Amino acid sequence: QMLGGMVAAACISLNLNTGYVEEMLKKGGSVLGYPNQNPSASRMQTTVAETVCSFALVLTIILATETYAHKPHRKGYFALCIGLILTSSIYAIGPITGGALNQARALAPMIISGIHRSYVATYAAGPTIGALLAASSYKLFLSHKKKDKDDEFEDFDNEDKKGKEQEQEKMQ
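None of these values were measured; they are calculated from a predicted model.

J.: So, the overall build of the protein: which residues are in play, and what are the values?
T.: The helix and strand inventory of the protein stands at six helices and zero strands. Taken over 172 residues, the protein has a buried fraction of 28%. For the protein, the proportion of contacts with a sequence separation of at least 24, taken over those separated by at least 6, is 69%. If you sum the accessible surface of the protein, you get close to 11,800 Å²; carbon and sulfur atoms cover 60% of it.

J.: Would you mind going over the nonpolar core in detail, with residue names and values included?
T.: Grouped together as the largest cluster of nonpolar side chains are six residues: Tyr34, Ala100, Ala106, Leu107, Met110 and Tyr123. Formed by five residues, the second largest nonpolar core is a distinct cluster that contains Ala49, Cys53, Leu57 and Leu101.

J.: Give a detailed account of the packing of helix α2 (residues 43-65) against helix α5 (residues 120-142), specifying residues and quantitative values.
T.: Remark: α2 packs on α5, axes separated minimally by 7 Å, with the N-to-C direction vectors making an angle of 40 degrees. Taken together, α2 and α5 sit at an angle that is classed as oblique. Of the two possible hands of crossing, α2 and α5 adopt the one that is right-handed. When the residues that make up the contact of α2 with α5 are grouped by side-chain class, the tally is 14 nonpolar, eight polar and two charged.

J.: How would you explain the packing of helix α4 (residues 103-113) against α5 if you had to name every residue and give the values?
T.: Viewed as axis vectors pointing N to C, α4 and α5 meet at an angle of 160 degrees, and their least axial separation amounts to 9 Å. With respect to α5, the axis of α4 lies roughly antiparallel. Every pair of crossing elements has a handedness; the one defined by α4 and α5 is left-handed. Judged by residue contacts, Gln103, Ala106, Leu107 and Met110 of α4 engage Val120, Tyr123, Ala124, Pro127 and Thr128 from α5. Split by residue class, the contact of α4 with α5 holds seven nonpolar, two polar and no charged.

J.: Lay out the confidence of the model for the protein in plain terms, naming residues and giving numbers.
T.: On average, the protein scores 77 in pLDDT, and the residues at 70 or more come to 65%. Across the protein, element-level confidence peaks in α2 with a mean pLDDT of 93 and bottoms out in helix α6 (residues 154-171) with 60. Segment residues 19-23: pLDDT under 50, and eleven contacts once partners within four positions in sequence are set aside and those in other chains are kept.

J.: Hey, could you go over unusual backbone geometry for me, with residue numbers and the actual values?
T.: One non-glycine residue, Leu101, lies in positive phi territory at about 60 degrees. Look at Leu101 and you get buried, because its relative accessible area is 9%.

J.: Requested: an account of α5, with residues and values cited.
T.: For α5, built from 23 residues, the straight-helix expectation of 33 Å at 1.5 Å per residue is met to within 8% by its first-to-last C-alpha distance of 32 Å. Residues of α5 that are buried in the fold lie against α2, α3 (78-97) and α4.

J.: Which residues make up the side chain of Gln37, and what values go with them?
T.: Mapped onto the fold, Gln37 is located in the loop between α1 (2-16) and α2. Among the polar contacts listed, one links the side chain of Gln37 to the side chain of Thr46, at a separation of 3.3 Å.

J.: Quick one: what's the story with α3, residue by residue and with numbers?
T.: For α3, with 20 residues, the first-to-last C-alpha span of 26 Å sits near the 28 Å given by 1.5 Å per residue. Considering bend angle alone, the principal kink of α3 is centred on Tyr91 and spans about 35 degrees; proline Pro95 follows within four residues of it. Three or more residues of α3 are buried, namely Ser89, Ile93 and Thr97. Contact partners of the buried residues in α3: α2 and α5.

J.: Go over the environment of Ile82 with me, naming the residues and quoting the values.
T.: With respect to the secondary-structure elements, Ile82 resides in helix α3. Sequence spacing of Ile82 and Thr60 is 22 residues, and the spatial spacing of their C-alpha atoms is 6.3 Å. Look past the residues within four positions of Ile82 in its chain and what remains in contact with it is Leu57, Thr60, Ile61, Ala64 and Thr65.

Calculation notes
- Residues numbered from 1 in each chain as written.
- Predicted model: local features only at pLDDT ≥ 70, side-chain atom pairs only at ≥ 80, totals over all residues.
- Heavy atoms only, no water.
- Helix = DSSP H or I, 4+ residues; strand = E, 2+ residues; numbered from the N terminus.
- Buried < 20%, exposed > 50% of the residue type's maximum accessible area, 1.4 Å probe, protein only.
- Contact = heavy atoms within 4.5 Å.
- Areas by Shrake-Rupley, 256 points an atom, 1.4 Å probe, with all protein chains shown as cover.
- Core = buried A, V, L, I, M, F, W, Y, C linked by side-chain atoms within 4.5 Å.
- Axes fitted to C-alpha atoms, helices over the stretch in contact; angles between N-to-C directions.
- Parallel < 35°, antiparallel > 145°, perpendicular 65-115°, else oblique.
- Left-handed = near helix turned anticlockwise from the far one by under 90°.
- Nonpolar A, V, L, I, M, F, W, Y, C, P; charged D, E, K, R; others polar.
- pLDDT = per-residue confidence, 0-100.
- Expected span 1.5 Å × (residues − 1).
- Polar contact = N/O pair within 3.5 Å; in protein donor to acceptor, adjacent residues only side chain to side chain.
- Bend = angle between axes of the 7 residues up to and from the residue.

Below you can see the structure in the form of structure tokens.
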């Protein structure tokens, strides 16, 4: 992802024919697609905003693409769900943080442009913390527990017992 973001930023830079586009940086603006923090927002506010929206996005991706034992085939609108949560997250935090929600989407253009005026920690820590919280929340509260290896043949054992009991009943 990081390499893809760097290549995209380099292509934009080459198309603009300006190299390091220092003059394009405006207060609250964007250079080569990397988001800038709103000057009226604190570092904590932007980090929390990125964390919360990354949490929502990753949890949506996990839940929308999971297969269940009672529903082994993924049918439905998981692409629509992911797209809607991504769009609503960008609209919600776009004015505050620029709505990166991904380290590569923020840091790769910063590296290519050579301009690092925004808070790098916000875009590195926020999505990482949000993704880790989403994965751990899913694992702790939402995932279906799989059977242990010892319980793998439990159904077969029960069938064998039932079969033996039925045979004994027939003999009597």
